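Read off the chains here:
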Amino acid sequence: DVKVTQSSRYLVKRTGEKVFLECVQDMDHENMFWYRQDPGLGLRLIYFSYDVKMKEKGDIPEGYSVSREKKERFSLILESASTNQTSMYLCASSRLRPSGGAPYNEQFFGPGTRLTVL
Amino acid sequence: AQSVTQLDSHVSVSEGTPVLLRCNYSSSYSPSLFWYVQHPNKGLQLLLKYTSAATLVKGINGFEAEFKKSETSFHLTKPSAHMSDAAEYFCVVARSGGSYIPTFGRGTSLIVHP
């Protein structure tokens, strides 16, 4: 089974703190994604990466940065947390191209991290 | 360019009655289409996907969806709702083939009454 894990289920931070959210996948997927989920807004893409050290901005990158030093790990960084970054953060991964009948284009999601910034 | 619209933010049904969750999409390319389900405090799980094979797609837990190109729709149905179907459902469109970024709908909350 594909597994995507996130470092914390719940996190409470103070305004101005630097926050690291970690995501690890074990299926050698090329693509990795960070989303935030807010009621009534669905999932909004923050950043995605299609290879090590490669990253692309999504729809709402302001206030966030990412790091992908290894293929299996994709980190989301809040340089200076603010209260409007209180949200559910979801990580996902997917295969970039077909390979031996394995699922392709389908995203696999982690359980999410609920971040509260006070 | 691509977009997806889920036509209902909430759908309420009684247990044992049919479920219909509506999704319309637009895409400049041949699309891949997905439905994901999210149960409370859980991550998203794939229900089913359309990738240009059969237009009627069967998924897990008795759900199915039909791709209708002429109507640009991909509605999700189930003949008989179960209490465990209560969850948030997301319709997703992505470009078929190559590198892609999927676009999510805003979600439909399915409420199932006993």
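Refer to the structure above for everything that follows.
All figures in this text were calculated on a predicted structure; none of them were measured in a lab.

Draft legend 1. Seen up close, the overall build of chain B. Scanning chain B for helices and strands turns up 0 helices and 12 strands. Written out in order from the N terminus, the α and β elements of chain B read β-β-β-β-β-β-β-β-β-β-β-β. Computed over the C-alpha atoms, the radius of gyration of chain B is 14 Å, within 12% of the 13 Å expected from 2.2 N^0.38 for a compact globule of 114 residues. With respect to the principal axes defined by its C-alpha atoms, chain B has extents near 45 × 25 × 20 Å. Within the span of chain B, comprising 114 residues, buried residues form 42% of the whole. Intrachain contacts of chain B at a sequence separation of at least 6 include 58% that bridge at least 24 residues. Surface summary for chain B: the accessible area is close to 5400 Å², and the carbon and sulfur share equals 52%. Between the centroid of the 9 positive side chains of chain B and the centroid of its 7 negative side chains there is a distance of 9 Å.

Draft legend 2. Broad picture of the state of the cysteines. Residues and elements named next belong to chain A. Tallied over the full model, the rule gives 2 disulfides over all chains. Through a disulfide, Cys23 is tied to Cys91; the S-S separation comes to 1.9 Å. The S-S bond linking Cys23 to Cys91 shows a torsion near -75°; that makes this disulfide left-handed. Of this pair, Cys23 sits in strand β3 (residues 19–25) while Cys91 sits in strand β9 (residues 87–94); the two residues are 68 residues apart in sequence, bridging distant segments of the chain. For Cys91, a relative accessible area of 0% translates into the label buried.

Draft legend 3. Focus on the pattern of salt bridges. Residue and element names in this part refer to chain A. Across all of its chains, the model carries 10 salt bridges over all chains by this definition. In this structure, Arg44 engages Asp38 in a salt bridge whose closest nitrogen and oxygen atoms are separated by 2.8 Å. The exposure class assigned to Arg44 is partly exposed, which follows from its relative accessible area of 26%. Each of Arg36, Asp38 and Arg44 takes part in salt bridges that share partners, so that together they form one network.

Quick notes on the rules
Residues numbered from 1 in each chain as written. Chains lettered and ligands numbered in written order. Predicted model: local features only at pLDDT ≥ 70, side-chain atom pairs only at ≥ 80, totals over all residues. Heavy atoms only, no water. Helix = DSSP H or I, 4+ residues; strand = E, 2+ residues; numbered from the N terminus. Rg over C-alpha atoms; globule rule 2.2 N^0.38 Å. Buried < 20%, exposed > 50% of the residue type's maximum accessible area, 1.4 Å probe, protein only. Contact = heavy atoms within 4.5 Å. Areas by Shrake-Rupley, 256 points an atom, 1.4 Å probe, with all protein chains shown as cover. Lys, Arg positive; Asp, Glu negative; His and termini not counted. Charge placed at Lys NZ, Arg CZ, Asp CG, Glu CD. Disulfide = S-S within 2.5 Å. Salt bridge = Lys/Arg side-chain N within 4 Å of Asp/Glu carboxyl O.

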